[in-house]
Amino acid sequence: MKAEVCRWLDRRSDPTAWAKVEARWNVLLDHARDHLAEHDRGRPTVRWKDDAMRSVVAVANDAKPRDIIATVCAVVLLRHREPSLFKSDRAFLFQLARLFRALTDQHAGEWYNHETGKNHRVYLTPPARSSELLGQALMDTLGAVGLYIATDIDRARAAQEREKADLWAALGSCERPA
């Protein structure tokens, strides 16, 4: 899905439209930084909101905006195509937050298995409220962009299918040579 979104971005994205999409991402990033600055100044804040905002800043420090936007849009495309993969809207938000947080190594840990002699990578699980807030913030910021891309990709796919069906119908009406 992400590769499909990246292909769409390469072919269809207009520089002015892309600047607006990045501006939407930067609004969320600025909000996260402002929230954490308030926390650092000693203002009382809610821990799970702090965790969500730290995730936004951590991912922004390690990943390019294009990768972040493509990941969010790919998850929205997946939900658009296969809504039954997610048990609920809340489950979707959790998965969106999980895949977003996977864009950086800061949310991963390793442990050593003495029996096999190998290191294993594990993703650290944040509080449920933090994941839900992060997923909702991403949807509020980039969800409409993802939905637009998803519908445009599906529209193009449907046009290709119609063209293919017309070709097969035209070939089927031809007489076979003897």
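Analysis parameters
- Residues numbered from 1 in each chain as written.
- Predicted model: local features only at pLDDT ≥ 70, side-chain atom pairs only at ≥ 80, totals over all residues.
- Heavy atoms only, no water.
- Salt bridge = Lys/Arg side-chain N within 4 Å of Asp/Glu carboxyl O.
- Helix = DSSP H or I, 4+ residues; strand = E, 2+ residues; numbered from the N terminus.
- Buried < 20%, exposed > 50% of the residue type's maximum accessible area, 1.4 Å probe, protein only.
- Axes fitted to C-alpha atoms, helices over the stretch in contact; angles between N-to-C directions.
- Parallel < 35°, antiparallel > 145°, perpendicular 65-115°, else oblique.
- Contact = heavy atoms within 4.5 Å.
- Nonpolar A, V, L, I, M, F, W, Y, C, P; charged D, E, K, R; others polar.
- Core = buried A, V, L, I, M, F, W, Y, C linked by side-chain atoms within 4.5 Å.
- Expected span 1.5 Å × (residues − 1).
- Phe/Tyr/Trp six-rings, centres within 6.5 Å; stacked < 30°, edge-to-face > 60°.
- Pairing = 2+ DSSP bridges.

**Q** How would you summarise the pattern of salt bridges if you had to cite specific residues and measurements?
**A** This structure, assessed with the given rule, holds 11 salt bridges. In this structure, the salt-bridge partner of Asp51 is Arg54, at a minimum N-O distance of 3.2 Å. Of the two residues, Asp51 and Arg54 both sit in helix H3 (residues 47-62), three residues apart, roughly one turn of that helix. Between Arg90 and Glu132 there is a salt bridge, and its shortest N-O distance comes to 3.0 Å. Here the residue Arg90 occupies a position in helix H5 (residues 89-101), and Glu132 occupies one in helix H6 (residues 128-173), the gap between them amounting to 42 residues. In this structure Glu132 comes out as partly exposed when scored by relative accessible area, which is 27%. In the salt-bridge network here, residues are joined through shared partners; they are Glu4, Arg81, Asp154 and Arg157.

**Q** Can you tell me about the packing of helix H2 (residues 15-40) against H6, naming the residues and giving the values?
**A** Where H2 contacts H6, the two axes come as close as 10 Å, and the packing angle between them is 175°. Comparing their axes, H6 and H2 come out roughly antiparallel. Contacts between H2 and H6 involve Val21, Arg24, Trp25 and Leu28 on the former and, on the latter, Ala137, Leu138, Asp140, Thr141, Leu142 and Val145. In the contact of H2 with H6, the residues fall into seven nonpolar, one polar and two charged.

**Q** Please give an account of the nonpolar core that cites residues and values.
**A** Membership of the largest hydrophobic core comes to 41 residues, with the highest contact counts inside it found for Val5, Trp25, Val56, Phe92, Phe100, Leu138 and Ile149. If you list the elements that add at least two residues to this core, you get helix H1 (2-12), H2, H3, helix H4 (65-81), H5 and H6. Excluding anything up to four places from it in sequence, Val56 contacts Trp25, Leu28, Leu29, Ala32, Phe100 and Leu134.

**Q** Explain H3 to me, and be specific about the residues and the numbers.
**A** With 16 residues, H3 extends 23 Å between its outermost C-alpha atoms, agreeing within 8% with the 22 Å of an ideal straight helix rising 1.5 Å per residue. The complete set of buried residues in H3 reads Asp50, Ala52, Met53, Ser55, Val56, Val57, Ala58, Val59 and Ala60. Where the residues of H3 are buried, they touch H2, H4, H5 and H6.

**Q** Summarise the packing of aromatic side chains; cite the residues concerned and give the values.
**A** Scanning the model with the defined rule gives three aromatic pairs in all. On the basis of an interplanar angle of 80° and a centroid distance of 6.2 Å, the ring pair of Trp8 and Tyr148 is categorised as edge-to-face. In this pair, Trp8 is assigned in helix H1 and Tyr148 in helix H6, connecting sequence segments 140 residues apart. Its relative accessible area of 8% is what places Trp8 among the buried residues.

**Q** With reference to specific residues and values, describe the pairing of strand S2 (residues 118-123).
**A** In this structure, strand S1 (residues 108-113) lies alongside S2, joined through six bridges in antiparallel fashion. Bridge pairing in S2 links Trp111 to His120. What sits between the antiparallel neighbours S1 and S2 is a turn of four residues, in which Gly117 has the positive phi angle 75°.

**Q** So, the side chain of Ser131: which residues are in play, and what are the values?
**A** Tracing the backbone shows Ser131 in helix H6. On the accessibility criterion, Ser131 (8% relative accessible area) is buried. Excluding residues within four positions of it along the chain, Ser131 makes contact with Leu93, Phe94, Ala97 and Pro126.

**Q** For the environment of Val46, give the residues involved together with the corresponding values.
**A** With respect to the secondary-structure elements, Val46 resides in the loop between H2 and H3. Residue Val46 is classed as partly exposed on the basis of its relative accessible area of 41%. For the pair Val46 and Gln136, spaced 90 residues apart in sequence, the C-alpha separation works out to 16 Å.

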